Amino acid sequence: MTTRMFTSPLFLGFDHLEQMIERAAKSSSDGYPPYNIEQISPTGLRISLAVAGFTMDDLQITQEDNQLVIRGRQSDDSQGRIFLHRGIAARQFQKAFVLAEGIEVRGAWLDNGLLHIDLAKPQPEIRVKTIPITRPAGAAVRATAEVSKVVDDERDA
């Protein structure tokens, strides 16, 4: 059941924001792999995921509309190996991040078991736009007729 957050008529065009919040709430709450999100500059963000044991070939990053999706799938290399204890996770994962409008993925790299993804958020433009107020086409004729009637009425009085 969906509860609507933006029910006020003053919130025009925020439907997509509500959908993004719902999508984020539905996304997996699984904590694997662990990740950090840091601000590296006034307009730059970095997501770092701990993906020890994964190679570049095991990882895939895609941007699907406003979602950044990171998938990891390791090939099974345990054939012929006997584990007395297996504590290093060798499972697949999918992690999705909802991106705001205008955020760009700048690049990604794998370094010492950490997958780093750099993002850039645009600086908002300050826009001021004056909207002219015009009369409807028929209103000018009516306004002129009303002024003429007032002038005529004043002459008759």
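Being a predicted model, the structure only gives us computed values, none of them experimental.

Asks: Summarise the pairing of strand 1 (residues 35-41); cite the residues concerned and give the values.
Replies: Alignment of strand 1 against strand 2 (residues 44-50), held across six bridges, turns out to be antiparallel. Of the residues in strand 2, the one forming a bridge with Ser41 is Gly44. In textbook terms, the turn of a hairpin is the stretch between consecutive antiparallel strands, and for strand 1 and strand 2 this stretch comprises two residues.

Asks: How would you sum up the sheet that holds strand 3 (residues 59-64)? Please name residues and give values.
Replies: The strands that make up a sheet pair up through hydrogen bonds in the backbone, lying either parallel or antiparallel. Strand order in the open sheet formed by three strands is 3-4-5, and the pairing between neighbours is antiparallel. Of all the strands in the sheet, the pair left with one neighbour each is strand 3 and strand 5 (93-98). In this sheet, neighbouring strand axes are inclined to one another by 15 degrees on average, regardless of whether the strands run parallel or antiparallel. As judged from the six bridges shared by strand 4 (residues 67-72) and strand 5, these two strands associate in the antiparallel manner. Of the residues in strand 5, the one forming a bridge with Ile70 is Lys95.

Asks: Provide a residue-level description of the sheet that holds strand 6 (residues 104-111), including the pertinent values.
Replies: Spatial ordering of the open sheet is given by 1-2-7-6, a layout of four strands whose pairing is antiparallel. Strand pairing shows two members of the sheet lacking a second neighbour, strand 1 and strand 6, which therefore form its edges. Looking at each pair of strands side by side, their axes are set apart by 20 degrees on average, direction ignored.

Conventions and cut-offs
- Residues numbered from 1 in each chain as written.
- Predicted model: local features only at pLDDT ≥ 70, side-chain atom pairs only at ≥ 80, totals over all residues.
- Heavy atoms only, no water.
- Pairing = 2+ DSSP bridges.
- Helix = DSSP H or I, 4+ residues; strand = E, 2+ residues; numbered from the N terminus.
- Axes fitted to C-alpha atoms, helices over the stretch in contact; angles between N-to-C directions.

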